[in-house]
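Residues per chain, in single letters:
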Amino acid sequence: MSYAVIFTYNFDEQSECYLFDDYDTAKKFLKDSFDEELRIETEENEWDDVESMMNDTETYGEIRHYVPDGCDVCEYRLCTNVKRGA
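First, a word on scope: everything that follows refers to the structure included in this document. Everything numeric in this text was worked out from a predicted model, so none of it was measured.

Calculation rules
Residues numbered from 1 in each chain as written. Predicted model: local features only at pLDDT ≥ 70, side-chain atom pairs only at ≥ 80, totals over all residues. Heavy atoms only, no water. Core = buried A, V, L, I, M, F, W, Y, C linked by side-chain atoms within 4.5 Å. Buried < 20%, exposed > 50% of the residue type's maximum accessible area, 1.4 Å probe, protein only. Contact = heavy atoms within 4.5 Å. Salt bridge = Lys/Arg side-chain N within 4 Å of Asp/Glu carboxyl O.

## Here we look at the nonpolar core
Okay, step 1: Listed in full, the 12 residues of the largest apolar core are Tyr3, Val5, Phe7, Phe20, Ala26, Leu30, Phe34, Val50, Ile63, Cys74, Tyr76 and Leu78.
Okay, step 2: What Tyr3 contacts, discounting residues up to four positions off in sequence, is Tyr18, Leu19, Phe20, Asp21, Asp22, Tyr23, Ala26, Leu78, Cys79, Thr80 and Val82.

Next comes the structure, spelled out in structure tokens:
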């Protein structure tokens, strides 16, 4: 079975997809990536209007940054049923 970690952004048409052969490796990559992005936004960028959440299984996370014209959302998702398209 294959696994994918997918990052999507509501402010950008591009998304990122990383493929893994191992569930635990994919899950760790998602959590590490989420933690690093949150660190960058709060420590390096010094934004204090950031909200984050990670579900109990650590397979979905969301970081919200409130901006004058709305809210930027980054989503982190672990897909556990990767299939090849037609």
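## Regarding the pattern of salt bridges
Okay, step 1: With the rule as written, the count across this model stands at 7 salt bridges.
Okay, step 2: A salt bridge links Arg39 to Glu44, with the shortest nitrogen-to-oxygen separation between them at 2.7 Å.
Okay, step 3: By relative accessible area, Arg39 is classed as partly exposed at 27%.
Okay, step 4: Glu44 gets classed as exposed once you look at its relative accessible area, which sits at 51%.
Okay, step 5: A salt bridge links Glu62 to Arg64, with the shortest nitrogen-to-oxygen separation between them at 2.6 Å.
Okay, step 6: Arg64 sits in the partly exposed class, given a relative accessible area of 29%.
Okay, step 7: Overlapping salt bridges, with partners in common, bring together Glu36, Arg39, Glu43 and Glu44 in one network.

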